[in-house]
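Chain and residue survey
Each chain is listed here by its residues.
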Amino acid sequence: FPVTILHRPTMKPYIITSMHRRNGFFGYLNNTLARCLEAESLGMVPIADWAEPTIEYYVPELGENPFDYYFEQPLTLEQAKAMEHQSSPGNWMGYPPPGLLMDRHPDIIRSMNYAIQKYLKIRKPILDRVDNRIREQRTLGVHCRLSDMARLHPEFVTCKSLS
């Protein structure tokens, strides 16, 4: 039988959590990316923990950790917790902060782009589906701050419904 050896990071896991619940997908993502940069500065491997049944993206049938629904990680949350690890402080580290004019802060754009390129590995089935849809039709991506953002922070809503 062929033997598959899973690569385990030699660095200690840094489990990224947030006590600031009820944020939207990109709020969680920004917090996770900022904490990935923090883990890197500590010489640790980041593992995102979105395992909170109260977040809108939690679907028990898909697994405990919603981050894993979309992105690949070097270890599962369970594997990371079974090892000697460190957890991020529970306070919110949203980065960039809401309302920041990104064009005036190229350093933030560079560091977030670096974190996205290095730490966000989108799962192949999602990429395949997106690639197929893009080939079928012209596509324009628009990020409207509605749904969860409108409920929690209406002062930051940038799209208004006509209905």
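Keep in mind that this is a model prediction, so the values were computed, not measured.

1. Some points on the packing of aromatic side chains
A complete count under the given rule lists five aromatic pairs for this structure. With a centroid separation of 5.5 Å and an interplanar angle of 50°, the aromatic rings of Y28 and W50 are classed as tilted. Linking Y28 in helix α1 (residues 25-41) with W50 in the loop between β2 (45-48) and α2 (67-70), this pair joins segments that are 22 residues apart in sequence. The two residues Y28 and W50 agree in class, both being buried. A centroid spacing of 5.2 Å and a plane angle of 80° characterise the contact between W50 and F67, whose relative ring orientation is edge-to-face.

2. Some details on helix α4 (residues 106-119)
Between its first and last C-alpha, α4 extends 20 Å over 14 residues, near the 20 Å set by a 1.5 Å rise per residue. Check the buried side of α4 and you find it contacts α1, β2 and β5 (121-122).

3. Observations regarding α1
Between its first and last C-alpha, α1 extends 25 Å over 17 residues, near the 24 Å set by a 1.5 Å rise per residue. Phi turns positive, to about 75°, at G43, one or two residues after α1.

4. Digging into the pattern of salt bridges
Considering all chains together, one arrives at four salt bridges under this definition. For K118, the salt bridge goes to E40, with nearest N and O atoms at 3.2 Å. Taken together, the positions of K118 in helix α4 and E40 in helix α1 put the pair 78 residues apart, joining distant regions of the chain. We classify K118 as partly exposed; its relative accessible area is 40%. A salt bridge links K124 to D128, with the nearest nitrogen and oxygen atoms 3.0 Å apart. One end of the pair is K124 and the other is D128, both in helix α5 (residues 124-136) and four residues apart, which spans about a single turn. Of the residues examined, D128 reaches a relative accessible area of 32% and is grouped as partly exposed.

Quick notes on the rules
- Residues numbered from 1 in each chain as written.
- Predicted model: local features only at pLDDT ≥ 70, side-chain atom pairs only at ≥ 80, totals over all residues.
- Heavy atoms only, no water.
- Phe/Tyr/Trp six-rings, centres within 6.5 Å; stacked < 30°, edge-to-face > 60°.
- Helix = DSSP H or I, 4+ residues; strand = E, 2+ residues; numbered from the N terminus.
- Buried < 20%, exposed > 50% of the residue type's maximum accessible area, 1.4 Å probe, protein only.
- Expected span 1.5 Å × (residues − 1).
- Contact = heavy atoms within 4.5 Å.
- Salt bridge = Lys/Arg side-chain N within 4 Å of Asp/Glu carboxyl O.

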